[in-house]
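Secondary and tertiary structure notes
Given next are the chains, with one letter for each unit.
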2 protein chains.
Amino acid sequence: MAATCVTGKHDQHDVYAAQCPCRAMLDLLANKWSALAIGAMERGPQRFGELRRVLQGVSPKVLTQTLRRLEEVGLVERTVIPAVPLHVEYELTELGRGAARPLRSLREWVEDNIDALEG
Amino acid sequence: MAATCVTGKHDQHDVYAAQCPCRAMLDLLANKWSALAIGAMERGPQRFGELRRVLQGVSPKVLTQTLRRLEEVGLVERTVIPAVPLHVEYELTELGRGAARPLRSLREWVEDNIDALEG
DNA sequence: CCGAATCCCATCGGATACTG
DNA sequence: CAGTATCCGATGGGATTCGG
């Protein structure tokens, strides 16, 4: 069971509390590009260009922003491989692989239920 | 297992495909207010003001937008109860309760792992 | 009073071009 | 190849106002 500000032991761990860091974290994960990027990296390390190709329609700026934010909170590790041409790999951390599970469930639910949805 | 454009039987059911309706649906669900609103409605029908209080920091305009979009795709049912003062109840549909599960997993993961995350 | 439409502004996302 | 810079349209929040 998740702790909440109201009922749990962690008074500041409630995604519904505006000032709780959980909310900022949920904002980061509950974001279309984050959900797709993390899913893409479940297969293993991915290069910037690979991610850009998989995440159809993402602009380089937004992909960079997304990956940098995921890196900042420790969900993704960025590795620069000095070579010509330059290689940069993005990989899920242990924590990132944990976050990937509920996100995969969400993506799969959408794919499995899209026919039942209107719009 | 979820079907994908590339590997599955449903050629148009891939959240990674830019033109797939799945992507639009994921964009709707992978949104900070949608995830919180759907979670709030898991307890049962909620009035507009209740939702506004639970989703700390949401403006009435954005809450209306969010609920309307969820209603359009059939995840939420909106019921106007003619009374003074006016009652408007929002309730998850069967489909909405299905979508609620992975979203709850995501919220719980965040609450359970926030201490391990940086930022 | 509650729900929601309107106006205005700040911020963000997206397309494109360009650089290390 | 992997980003950064720049511009622009879309989106989101706040305050206010309207309607029931």
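Here's what I pulled together on the structure shown here. It should be emphasised that the depicted structure is a prediction, and the values quoted were computed from it without experimental measurement. Each chain carries its own residue numbering, running from 1 in the written order of its sequence. Following the order in which they are written, the chains are lettered starting with A and the ligands numbered starting with 1. With the structure being a predicted model, the display of local features is reserved for residues of pLDDT at least 70 and the display and counting of side-chain atom pairs for 80 or more, all residues being used for whole-chain, interface and lining totals. The side-chain numbers reported here are obtained from all heavy atoms of the structure, hydrogens and water having been left aside.

Some thoughts on the packing of helix α1 (residues 21-29) of chain A against helix α5 (residues 94-113) of chain B
Relative placement of two packed helices is described by the angle separating their axes and the distance separating the axes. Orientation is described by axes fitted as lines to C-alpha atoms, over the contacting stretch for helices, and by angles from 0 to 180 degrees between their N-to-C directions. We count a stretch as a helix when DSSP gives it H or I for four or more residues in a row; a strand needs E for two or more, and each element gets its number in order from the N terminus. Here α1 of chain A crosses α5 of chain B at 135°, and the two axes come no closer than 10 Å. By the angle class used here, α1 of chain A and α5 of chain B are oblique. Both α1 of chain A and α5 of chain B take part in a crossing whose hand is right-handed. Every residue of α5 of chain B that contacts α1 of chain A at Cys 22, Met 25, Leu 26 and Leu 29 of chain A is listed here: Leu 106, Arg 107, Trp 109, Val 110 and Glu 111 of chain B. Note on residue classes: Ala, Val, Leu, Ile, Met, Phe, Trp, Tyr, Cys and Pro are nonpolar, Asp, Glu, Lys and Arg are charged, and everything else, Gly too, is polar. Along the lines of polarity and charge, the residues of the contact of α1 of chain A with α5 of chain B split into 7 nonpolar, no polar and 2 charged. These descriptions rest on fixed angle ranges, namely under 35 degrees for roughly parallel, over 145 for roughly antiparallel, 65 to 115 for roughly perpendicular, and the rest for oblique. Helix crossings are classified by the rotation of the near helix relative to the far one: an anticlockwise turn of less than a right angle makes the crossing left-handed, while a clockwise turn makes it right-handed. By the convention used here, residues are in contact when the closest approach between their heavy atoms is within 4.5 Å.

Regarding the relation of the copies chain B and chain A
With an RMSD of 0.1 Å, the fit of chain B onto chain A corresponds to turning through 180° and sliding 0.0 Å along the axis. This pairing of chains is accounted for by a two-fold axis. Distance from the rotation axis, computed per C-alpha, reaches its smallest value in chain B at Ala 30 of chain B: 2.2 Å. Counting the interface residues of chain B, we find that 100% of their copies in chain A are interface residues as well, pointing to one common contact surface. Alignment of the copies relies on least squares applied to C-alpha atoms, considering only residues that score at least 70 for pLDDT in both.

As for the pairing of strand β3 (residues 87-92) of chain B
Residues and elements named next belong to chain B. Going residue by residue along β3, you find Val 88, Tyr 90 and Leu 92 tucked away on one face and His 87, Glu 89 and Glu 91 left uncovered on the opposite face. Direction of pairing for strand β2 (residues 76-81) relative to β3: antiparallel, over a ladder of 6 bridges. When the bridges of β3 are listed, Glu 77 appears paired with Glu 91. By this definition, two strands are paired if DSSP reports at least two bridges between them. Connecting β2 to the antiparallel partner β3 that follows it, the hairpin turn spans 5 residues. Three exposure classes are used, based on accessible area relative to the maximum for each residue type with a 1.4 Å probe and protein chains only: buried under 20%, partly exposed in between, and exposed over 50%.

Looking at the sheet that holds strand β2 (residues 76-81) of chain A
Residue and element names in this part refer to chain A. Overall, antiparallel pairing links the 3 strands, which are arranged β1-β3-β2 in an open sheet. Pairing within the sheet leaves two strands with one partner each, and these edge strands are β1 (46-47) and β2. In this structure, β1 lies alongside strand β3 (residues 87-92), joined through 2 bridges in antiparallel fashion. Considered in β3, the bridge of Arg 47 is made with Glu 89. Against the sheet, helix α2 (residues 32-41) contacts β1, β2 and β3, and its axis sits at roughly 95° relative to β3.

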